[in-house]
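An overview of the molecular structure
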Amino acid sequence: VEMMKAAEEYSRKYRAAVTIQASIRAFLGRKRLALLRAEMAKQQAWKEGQSAVAIQACWRGYVIRSACTERMHQIRARLDQATSKLRLDPSLSIHAKARVALSMLLNSDCLVEATKDCASLDKATMYFPDCCRWMVDSGGLDKLFQLIRACNRSKPHKRVLSSSLHIVYNMCHLPDIQQEVFDVEDSVNILIEVLQIYRDMEHVFGLATQVLHIMCTCEARVVDIRAMPEVCHRLEMIAHILSRKVQMEEKFLGRLSPAQRSSLPAFASAEKRLVALQSMLDSLLEVLEVLGGQQSAVLRTSRVQHSAMLRTLATPASVATAASRPLH
């Protein structure tokens, strides 16, 4: 009897253990299945999202192409027409126009008539390095510096001056021509004269300082420039004038209340002038630092203080304008 009771007890415990194990296995299986379904749903959602992005991209591309088809056809038609004209008349090419412009520039003494010629040469030297070489070989570089020195502050002369400086700037990007630009008679003094006369024209001032900076990339040229009388002193005097102008603008801005800054039109104009002056001062100080001017460290400290003042006074819009300002 006792053996039968023991057997029944063992059988009951065995069935209970099997039931517990089955329940646990079922629970773990359902859990794994739920996780698998969640992962599959997540992957399906990701695939649907990627499909939606692809469909939207294709649709947007189709819409844009459909909208621009007419415009693109017009552009292609104009390009084909220009190519056909160029094949029929090679004199319409940029090279040919540049050679004609250089010939007229060398044989003419009228600055006003040189405006169109300088514009053609500017475009040619910007895109074709070989144009820079034959300009140097034909004596055009000397003529450009003569034009730069002869310009005054009238509007036609300013256009000639800007184009001439841009041509010189384009040519300075070629390492084999930089020395020839430097070797032009009195080229450094001519550029310094431009800085002195046109320090209120940011574009012209920036081009002149960039040309000077490129000239100073060679140590031998730096030594030659240092040996020139009064060069560093003249550049430091220009920097002092610009620094003084910056201080005057800061004083004007500092006297305005926040309400006046937001409503007074003169505040926006003064901010633009301040940003332009600091840009010009910064480019000039870079040249002075390379040349080792005695006052360059003092002026550099002053420039840092001016920059801090500008960040304090400037509105968010003016800061965005200053940040997006292109470098010359």
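Residues numbered from 1 in each chain as written. Predicted model: local features only at pLDDT ≥ 70, side-chain atom pairs only at ≥ 80, totals over all residues. Heavy atoms only, no water.

Next up on the list: the confidence of the model for the protein chain. With 85% of its residues at a pLDDT of at least 70, the protein chain reaches an overall mean of 81. This stretch, residues 313-328, has a pLDDT under 50; its non-local contacts, to residues over four places away or in other chains, come to 23 contacts. (pLDDT = per-residue confidence, 0-100. Contact = heavy atoms within 4.5 Å.)

Glancing now at unusual backbone geometry. The residue Asp186 is not glycine, and still its phi comes out positive at about 60°. Structurally, the position occupied by Asp186 is in the loop between helix H7 (175-183) and helix H8 (187-197). Owing to a relative accessible area of 33%, Asp186 belongs among the partly exposed residues under this scheme. Positive phi values are uncommon outside glycine, yet Glu230 reaches one of about 70°. Checked against the element boundaries, Glu230 lands in the loop between helix H10 (219-227) and helix H11 (231-254). (Helix = DSSP H or I, 4+ residues; strand = E, 2+ residues; numbered from the N terminus. Buried < 20%, exposed > 50% of the residue type's maximum accessible area, 1.4 Å probe, protein only.)

With that out of the way, let us pick up the pattern of salt bridges. Two side chains with opposite charge may pair up if their charged atoms get near one another. As enumerated under the stated definition, the model contains eight salt bridges in all. Between Arg133 and Glu180 there is a salt bridge; the shortest N-O distance is 3.0 Å. Of this pair, Arg133 sits in helix H4 (residues 129-137) while Glu180 sits in helix H7, and the two are 47 residues apart along the sequence. For Glu180, a relative accessible area of 28% puts it in the partly exposed group. Within this structure, Arg133, Asp137, Asp176 and Glu180 form a network of salt bridges that share partners. (Salt bridge = Lys/Arg side-chain N within 4 Å of Asp/Glu carboxyl O.)

Quick look at the nonpolar core now. Counting residues in hydrophobic clusters, the biggest one holds 69 residues, and the most contacted among them are Phe145, Met171 and Leu235. A total of 10 residues in this core trace back to one element, the largest contributor, which is helix H13 (residues 265-291). Beyond its immediate sequence surroundings of up to four residues, Phe145 is in contact with Val168, Val181, Val184, Ser187, Ile190 and Leu191. (Core = buried A, V, L, I, M, F, W, Y, C linked by side-chain atoms within 4.5 Å.)

Looking now at the packing of aromatic side chains. Overall, the coordinates contain two aromatic pairs when judged by the stated rule. With 6.4 Å between their ring centres and 25° between their planes, Tyr10 and Tyr14 make a pair best called stacked. One end of the pair, Tyr10, and the other, Tyr14, are both in helix H1 (residues 2-88), four residues apart, so they sit about a helical turn from each other. Their ring planes at 35° and their centres at 5.7 Å tell us that Trp59 and Tyr62 sit as a pair that is tilted. Pair noted here: Trp59 and Tyr62 are both in helix H1, with a separation of three residues, about one helical turn. Given a relative accessible area of 46%, Tyr62 falls into the partly exposed group. Of note, Arg99 hangs over the ring of Trp134, and the distance from its end group to the ring centre comes to 4.4 Å. (Phe/Tyr/Trp six-rings, centres within 6.5 Å; stacked < 30°, edge-to-face > 60°. Lys NZ or Arg CZ within 6 Å of the ring centre and 35° of its normal.)

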